[in-house]
Amino acid sequence: MSDKDKPKYFNFEERQRQKARARQRDLDRVARGEISAMDLQRESMHFRNLRRDKVAIFRCKKTGEFVMASFERETGPKDEDKS
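About the cut-offs
Residues numbered from 1 in each chain as written. Predicted model: local features only at pLDDT ≥ 70, side-chain atom pairs only at ≥ 80, totals over all residues. Heavy atoms only, no water. Helix = DSSP H or I, 4+ residues; strand = E, 2+ residues; numbered from the N terminus. Buried < 20%, exposed > 50% of the residue type's maximum accessible area, 1.4 Å probe, protein only. Contact = heavy atoms within 4.5 Å. Areas by Shrake-Rupley, 256 points an atom, 1.4 Å probe, with all protein chains shown as cover. Expected span 1.5 Å × (residues − 1). Polar contact = N/O pair within 3.5 Å; in protein donor to acceptor, adjacent residues only side chain to side chain. Axes fitted to C-alpha atoms, helices over the stretch in contact; angles between N-to-C directions. Left-handed = near helix turned anticlockwise from the far one by under 90°. Nonpolar A, V, L, I, M, F, W, Y, C, P; charged D, E, K, R; others polar. Patch = residues over 30% accessible without salt bridge, like charges linked within 9 Å, V, L, I, M, F, W, Y side chains within 5 Å. Salt bridge = Lys/Arg side-chain N within 4 Å of Asp/Glu carboxyl O.

Enquirer: How should I be thinking about the overall build of the protein chain in this particular structure?
Expert: From N to C terminus, the protein chain includes two helices and two strands. Starting at the N terminus and walking to the C terminus, you meet the elements of the protein chain as α-α-β-β. Looking at the protein chain residue by residue over its 83 residues, the buried ones come to 5%. Contacts spanning at least 24 positions in sequence make up 0% of the contacts within the protein chain whose residues lie at least 6 apart. Surface exposure of the protein chain reaches about 8,800 Å², of which carbon and sulfur atoms provide 52%.

Enquirer: Sorry, what's going on with helix α1 (residues 12-32) here?
Expert: One turn of an α-helix holds 3.6 residues; hence residues three or four places apart share an orientation. For α1, spanning 21 residues, the distance from its first C-alpha to its last is 30 Å, which sits close to the expected 30 Å at 1.5 Å a residue. With a side-chain oxygen positioned 3.0 Å from the backbone nitrogen of Glu13, the residue opening α1 is Asn11. Following α1 by one or two positions, Gly33 adopts a phi angle in the positive range, close to 85°.

Enquirer: I tried to follow the side chain of Arg29 on my own but got confused; where do I start?
Expert: Its place among the elements puts Arg29 in helix α1. Separated by 2.9 Å, the side chains of Arg29 and Glu43 make a polar contact.

Enquirer: Quick question: what am I supposed to make of the packing of α1 against helix α2 (residues 37-44) here?
Expert: Each packed pair of helices is defined by two parameters, the angle between the axes and the distance between the axes. Across the interface, α1 lies against α2 with an axial gap of 10 Å and an inter-helix angle of 145°. Crossing of α1 over α2 shows right-handed handedness. Facing α1, whose interface residues are Asp26, Arg29 and Val30, α2 presents Ala37, Leu40 and Glu43. Broken down by class, the residue content of the contact of α1 with α2 amounts to three nonpolar, no polar and three charged.

Enquirer: Help me understand a nonpolar patch on the surface in this model?
Expert: Residues Ile57, Phe58 and Val67 make up a contiguous nonpolar surface patch of roughly 270 Å² in combined accessible area. Tracing the backbone through its elements, the reader meets Phe58 in strand β1 (residues 54-59). Classification of Phe58 by relative accessible area gives partly exposed; the value is 49%.

Enquirer: Before we go on, may I ask you to explain the pattern of salt bridges in this structure?
Expert: Scanning the entire structure with this criterion turns up seven salt bridges. The partner of Glu34 in a salt bridge is Arg29, and the shortest N-O contact between them spans 3.9 Å. Between Glu34 and Arg32 there is a salt bridge, with its nearest N and O atoms 2.7 Å apart. Assessed through its relative accessible area of 54%, Arg32 is described here as exposed.

Have a look at this one:
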């Protein structure tokens, strides 16, 4: 069995080096002004398409639907100047 026929295994050290290179590349992009830190964070978010204002708490045994809790800030009418 030659080297190219051997099964490939996950190499933790190589993965650490890849992540370190990616972090350095990101820092360089921010330093050069190509991207803001906020935009970089948004770009790196794995769950960027999920709703952040609602979270499933548990699943209803009767219906099988998720019971959601809202973390949306309540905004009321702004106080108008009372002169």
